[in-house]
Amino acid sequence: MSPRSIPLSRRSFLIRGTAATSLFAAHSTLAELVSAPANDRKVIHIIGHSHIDAAWLWPWRDAADTVLNTFRSALNRMNENQHFCFSHSSSMHYRWVQGADPKMFAEIRQRIQEGRWEVVGAWPVEPDCNIPATESFVRHSLYGKRYCREALGVDVRIGFNPDSFGHAAGLPTILRGSGYDAYVFMRPQEHEMNTPLLFWWEGADGSRVLTLRIWKEYDGKAKAIPDAAQHIFAPDMNHAAFFLGVGMAVP
């Protein structure tokens, strides 16, 4: 999703959901996946997600306002649909909500405890991952994970930087040493580098994290799921992740 975003209205959400259901019924590949024997069945995990840059072409107040609106939209979707789940990174975003709307923050904590809201990344923001020094990455992990443990009650174990335009070679060592088991990124995309969808990323010292490259985009639309069903599975894997954008991009 574009950094400048507004919440998806309930009406638009329901319309899109209905359209997506129609696509599932009409698409032979998805029908085959659903009807396959349990041992052979392919499962796409649809992950509600909103990418929001804390520092972009706007004051931090605009970013905080976008976070509050987006989180409210995600919580509303959960109230409407008991199966809707959401994931979000950036501990600074949670700090903004905690300070501005304690009631919403308590609601988020409740959804986290229910397993419907997944806190990923934990770093204060999703940074550039090319230039920062090792100390900067370590402190991102230290301060971010500590906040999430104390304020949200979770030990975040999934590193998450989908929009960074590169990733330092030493990240597996830093992530593993900070208590992360996995890492999620999107760039470089498939047209930029032949990177597997799922692989073990190993650092110079032998530390490694299970790493997922997001297929196509982190703000996917429901209409793209039939196409995803044909391309999103890593070799020999029956499970895959599709990131569904929560919110609407503003031109």
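The shown structure was predicted, so the numbers you read here are calculated from the model rather than taken from an experiment.

A. Focus on a nonpolar patch on the surface. Where nonpolar side chains cluster on the molecular surface, the patch consists of L198, W200, L210 and M237 and spans about 330 Å² of accessible area. Along the chain, the position of M237 falls in the loop between α8 (225–231) and β9 (239–245).

B. Looking closely at the packing of helix α4 (residues 91–100) against helix α5 (residues 102–114). Direction vectors running N to C along α4 and α5 enclose 130°, while the axes themselves pass 5 Å from each other. Considering their axes alone, α4 and α5 lie oblique with respect to each other. Together, Y94, V97, Q98 and A100 of α4 and P102, M104, F105 and I108 of α5 make up the contact between the two elements. The class makeup of the residues in the contact of α4 with α5 is seven nonpolar, one polar and no charged.

C. Highlighting the side chain of H51. Here H51 lies in the loop between β2 (43–49) and α3 (60–80). For H51, a relative accessible area of 1% gives the class buried. Within the structure, the side chain of H51 is placed 3.3 Å from the side chain of E126, a separation counted as a polar contact. There is a polar contact of 3.3 Å between the side chain of H51 and the side chain of D163.

D. Spatial organisation of the pattern of salt bridges. Scanning all chains against the criterion turns up 10 salt bridges. In this structure, E80 and R77 form a salt bridge, with 2.9 Å as the shortest nitrogen-oxygen distance. Separated by three residues within a single helix, E80 and R77 lie in helix α3, roughly one turn from each other. By relative accessible area, which is 31% here, E80 ends up partly exposed. Taking relative accessible area as the criterion, R77 reaches 4% and is therefore assigned buried. With its nearest N and O atoms 2.9 Å apart, the salt bridge here joins K145 to D155. Taken together, the residues K145 in helix α6 (residues 134–152) and D155 in the loop between α6 and β5 (158–161) connect sequence positions 10 residues apart. Judged by relative accessible area, K145 falls into the buried class, the value being 4%.

Analysis parameters
Residues numbered from 1 in each chain as written. Predicted model: local features only at pLDDT ≥ 70, side-chain atom pairs only at ≥ 80, totals over all residues. Heavy atoms only, no water. Patch = residues over 30% accessible without salt bridge, like charges linked within 9 Å, V, L, I, M, F, W, Y side chains within 5 Å. Areas by Shrake-Rupley, 256 points an atom, 1.4 Å probe, with all protein chains shown as cover. Salt bridge = Lys/Arg side-chain N within 4 Å of Asp/Glu carboxyl O. Helix = DSSP H or I, 4+ residues; strand = E, 2+ residues; numbered from the N terminus. Axes fitted to C-alpha atoms, helices over the stretch in contact; angles between N-to-C directions. Parallel < 35°, antiparallel > 145°, perpendicular 65-115°, else oblique. Contact = heavy atoms within 4.5 Å. Nonpolar A, V, L, I, M, F, W, Y, C, P; charged D, E, K, R; others polar. Buried < 20%, exposed > 50% of the residue type's maximum accessible area, 1.4 Å probe, protein only. Polar contact = N/O pair within 3.5 Å; in protein donor to acceptor, adjacent residues only side chain to side chain.

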